[in-house]
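Examination of the molecular architecture
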Amino acid sequence: MADKTEKAYRALESQTHLQQVMFRYMLEGQHASEEGKLAWVTSGFPVEIPLAMGVTPSYPEQYGAVVGSQKVGPDLCGYAEELGYSQELCSYARSSIGSTHRPDNSPMEGLPTPQALLACNNICGTVLRWYDAISEMTDAPVFLLDTPPIDAEQAPHHIEYVQRGIERLVEFISTTFDTSMELEHLRSVAKNSTTAIDLWTKSLQACKNKPSPLNCADRFLTMAPVVALRGSDYIIEFYQTLYDEVKDRVEQGIGAIRDEKIRLLWDNIPPWFQIFRFFNGLAKRGVVFPADTYTHAWQGSIEGTDLYRNVAELYSNVYLNKGLDAKVEKMCQLIRDYDLDGFIMFSVRSCKRYSLGQLVSKELVTEETGVPGVIIEGDMVDSRAFNDAQIQTRVDALLEMFA
Amino acid sequence: MSETPSYTVGIDVGSTTTKGVVLSTDGMIITKRIRATGSSASDAAQDVFQIMTQESGLPLLDTITISTGYGRRQVDFAEKFLTEITCHCVGIHHLNPSIRLVIDIGGQDSKVIRVNEHGKPSDFELNDKCSAGTGRFLEVMAGVLGVTIDMLGSIALESNNPSTISSTCTVFAESEVVGHIGSGESASDIAAGIHQSMASKVGTLARRVGLVSPVALTGGVALNQAFQHHLAADIGSDLWIPEHPQFTGALGAAVIAQSKL
Amino acid sequence: MSDGQVTDAARLKSNTDEDANRQMIGYLYQHTPIELFIAHGFTPKLVTAIKGVMGGFESSLQTFSCAYSRNIFSQRASGKLGELTGIVFPGNTCDSLQNMGDVWRYRFPDDRVFRLTYPAGLVNDDAIAFFAAELDLLNKELQRLYGFSPTNAQFREAIELVNMWRLAIQQLYTIRLVHPELISYLQLASLIDTFYNHPCHEKATEAKEITHNLAIEMKDESALSLEQAHRALLTGNFWKQKLTTNASPPRLVVVGGMISPSTIANLFDSVSNTHPHELVMDLLSLGFKTIFTPPCNTNGEWSVELAKSILSAPLEPTQEGLPKRIEYVKNLFTAIDVDGIIICEQSFCDPDQFEAPSLKGAANQLGIKALRLPLDPELSDEQRIITRIQSFLETIGGV
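Residues numbered from 1 in each chain as written. Chains lettered and ligands numbered in written order. Predicted model: local features only at pLDDT ≥ 70, side-chain atom pairs only at ≥ 80, totals over all residues. Heavy atoms only, no water.

1. Some points on the sheet that holds strand β1 (residues 38-41) of chain A
Residue and element names in this part refer to chain A. Spatial ordering of the open sheet is given by β2-β1-β3-β4, a layout of four strands whose pairing is parallel. Each edge of the open sheet is held by one strand with a lone partner, namely β2 (56-58) and β4 (142-145). With strand direction ignored, the average angle separating the axes of adjacent strands in the sheet is 30 degrees. Relative to β2, helix α1 (residues 14-35) is tilted by about 115 degrees, and along the sheet it contacts β1 and β2. (Pairing = 2+ DSSP bridges. Helix = DSSP H or I, 4+ residues; strand = E, 2+ residues; numbered from the N terminus. Axes fitted to C-alpha atoms, helices over the stretch in contact; angles between N-to-C directions. Contact = heavy atoms within 4.5 Å.)

2. Considerations on the interface of chain A and chain B
Interfaces are often sized by the amount of accessible area the parts lose when they come together. With 14 residues of chain A at the contact, the number on the chain B side is nine residues. For the pairing of chain A and chain B, the buried interface totals around 910 Å² over both sides, and the portion due to carbon and sulfur atoms is 45%. In this structure, the connection of chain A to chain B is made through one salt bridge. Notably, a salt bridge pairs Glu82(A) with Arg207(B), separated by 2.5 Å at the nearest N-O pair. The tally of links from chain A across to chain B stands at four residue pairs in polar contact (both at pLDDT 80 or more). Those elements that place two or more of their residues in the side of chain A that touches chain B are α4 (73-82) and α17 (388-402) of chain A. Broken down by element, the side of chain A that touches chain B gets its largest block of residues, three residues, from α4(A). (Buried area = accessible area lost by both parts, 1.4 Å probe. Salt bridge = Lys/Arg side-chain N within 4 Å of Asp/Glu carboxyl O. Polar contact = N/O pair within 3.5 Å; in protein donor to acceptor, adjacent residues only side chain to side chain.)

3. Let's talk about the domain arrangement of chain B
Residues and elements named next belong to chain B. Splitting chain B by domain gives domain 1 (7-91 + 247-258) and domain 2 (98-241). Of the residues lining the interface, nine residues belong to domain 1; the matching set on domain 2 comes to 13 residues. The largest share of the area that domain 1 buries against domain 2 comes from Ile85, His88 and Cys89, three residues that together contribute 60% of it. Inspection of the region where domain 1 meets domain 2 yields zero salt bridges. (Domains from an automatic or database assignment.)

4. Description of the layout of surface pockets
Residue and element names in this part refer to chain B. When its volume is computed, the second largest pocket comes out at roughly 1,200 Å³. Around the second largest pocket, the lining comprises 48 residues; the ones closest to its centre are Thr16, Ile105, Gly106, Gly107 and Gly220. When its residues are assigned to classes, the lining of the second largest pocket shows twelve nonpolar, 22 polar and 14 charged. Counting the residues that make up the lining of the second largest pocket, at least three belong to each of domain 1 (7-91 + 247-258) and domain 2 (98-241). (1 Å grid on protein atoms, 1.4 Å probe; cavity = no way out; pocket = protein on both sides within 12 Å on 5 of 7 lines; lining within 4 Å. Points joined across faces, edges and corners; volume = space filled by probe spheres on them. Nonpolar A, V, L, I, M, F, W, Y, C, P; charged D, E, K, R; others polar.)

And the structure:
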């Protein structure tokens, strides 16, 4: 029995370090914007390319997560709705349109002004239209790196096409920012990226241990640098610190939560506006999430002789760019590898690419692994589309299956 | 018809209530009538028309009637039918020509209409299919709180600390209200939160059309002081409210009918 | 009767007989190169959302899948799709259709599901090469499954058929734009629908004859000739000239929305008695946006030529990016004397809902009134839709 004076959840010491890293990210973004060297990028963009060419990235999706966590999602989404954007559209998109429209009423006064918008549709088709809307408001040009979804295996003409896209991207950045690409520089950025991702992956894999050293909220917060700052050198130190802490927990048999009873898989983006309340509430009932499909998306490394081809391969084959088969396989694999008892799928109204198909994959995953799961519906930023009572009932019903 | 009548009729068959107005050619309301629409739009319209005929003592069938509202096509004695958008706009212009924006909250619909200097609509927006910004929303919420719809507005005025109702969907908001009741918040704070939430939904619709003063509020909900208060706060503008806000559409229909005499 | 005519008539007859035996292959995306399926001996049939379909999707798709995908899925689940030997899904056009394709394969494992993936973004040589390769792969898959390899001549014949039909319909659009009194939108819409559901020589010839007769009837009073106006619409280059001269009653354009021209025509027809207007043009995905595909070159590699043709349609619905589309639309509205535009939005449709504010903004800049019209293919709220349309006509035309 856990000590009643202690919280059900153990905070990470690396958190303080994380804040410093993210503060630096924010400052560098502002500085780059003033210098005319800032690009907004989507979370699955091959950011190593702009970085190697001296262009600093800012991430509207990550900003959306901040908006969500600060519980101002309905306000910012509302600003976009006033401009005529439907409430049915992606809330990351609405948050960024809203904050671009009314920066004075937005956290951190919105993201710094971009000089270019770099979108890659390997995470969804929405980004193209979203970035077009931002382009209309800011006059920054859009570059779309098209990575058409892959059904089974990536065909030769597909990889050829994406690789040509990378080459055009390099041309676009060269003209827009009056810069050039040196492959040696790309190689060293890629190396930083790989080092950080390796450390990150090791921390994720440590969660196979019982008790799990990290819970869902831990991973969702600590993934920020690997999303936003992959390729920079200063995040490596952070991921080393995090990995050390994780290793330490494993060695001492310390879990992310006090009393681990049930191990679940999480699928999809989290409800940012109640990330602690949701996961810590479950922690009190002995539920831990040693794995999720989202934070496992940043993997692989750029290497070899043909760097552009390698970038093309790596970024075409991300989780969300593949069909349902691949998603089901990944979930089953995580459930087996991390010895999980069940799963929760968050059906996110904003994110059609991630969520549509869950009704089928839920059945398939259960059939394949024999563990039960539940689907809860809501949104990651717009709390107006999140019904606590309804979700609670569903989660309770799942937990009762383990009693 | 031997000589031109000196009055016209406007009938507004709404989803909840049916309204009728008899208007004299010098712009005065001779008589008016409101009743529940019930299950038959045509019966309600017929009934309102007959009572107004008795009350005014005028042969109303001899003049021009224009119908509006969702049941406008069911009014078989009407010369012409027009939408609520045009009629509300003309009606408000008749009452107060300075108004540039009309916000009308009906039972199933809420609408925001930009009025040009000639009293004609120049742009408008309606709520989506969902009932969150309409009179129906308040009805449902009053039911959840176990108070009458009139009481909902008056108890809301007593609150200094409105509860947060963030859901835009009526069904979701209902369970939020249930949650607030469960956690012991006062009925007055919850009622205020309900009005605030609805005002914010309507405010967003208004900003889509563009906020221009002066702003009028019409429809049955316009009589609700708590809603008036929260809407004025949300859009940052005073609201002009006609003496009989439910009759604006019927009045507008009667005004338009005069141009057909 | 000359020899040539005999041959033509005989051929037409044999085509009709053959038609009855052809298997149907369904396709969901209007920009599908139907020429490929015709060459393979199939009748391609556009699968669209229809009125009155309720339920069937609930255990497979969430409610935030777009109304179009929910409707089509429900049709399949309730056995309303009819006899299809296969169905072609588009890839990379929008997330709802992309994911529905995956779900479909699981729910209906016996269906032959093909996926044709489109490039996104501005069209360049790489995009054409990619799409041509996709077409080649689909061709091989059809060969493998059905055991038939079309000859080059068969490809050419299929391309010529579609070219003939497209040209006729494009000219009809142009005629209606300049002289709306010559052909009703309802008639134009029904010609479009018919061909999409059953493309054949008979229909193409019918459209061609109607066009031919109208072109003779049409007195050329407009600023540009029919040919010039047609070319302007196809290229988006209006040389800052007016295509039309008359402007009464109110001239409307309908934009956006995955809704068929016939449905739109019927909706507007039902208010025309009380609120006179002319629907002179649509920019619907199932109408103008698809019809105004440039003719496919019959010489050269069929897959490359088809790719070029499909990908260079102006206003190609989901791919080319917003700035290009808005520029086209602005030039068009300036050139055709339009009093109001109606922007249709389907619920949970990314392309429609992201574009609507920009379209409305473009109309505002030009001083044209615009209505945003939420419009789902089920038309479950038809009365509300009609009220909105009437209100809009009242704001344009007065009362």
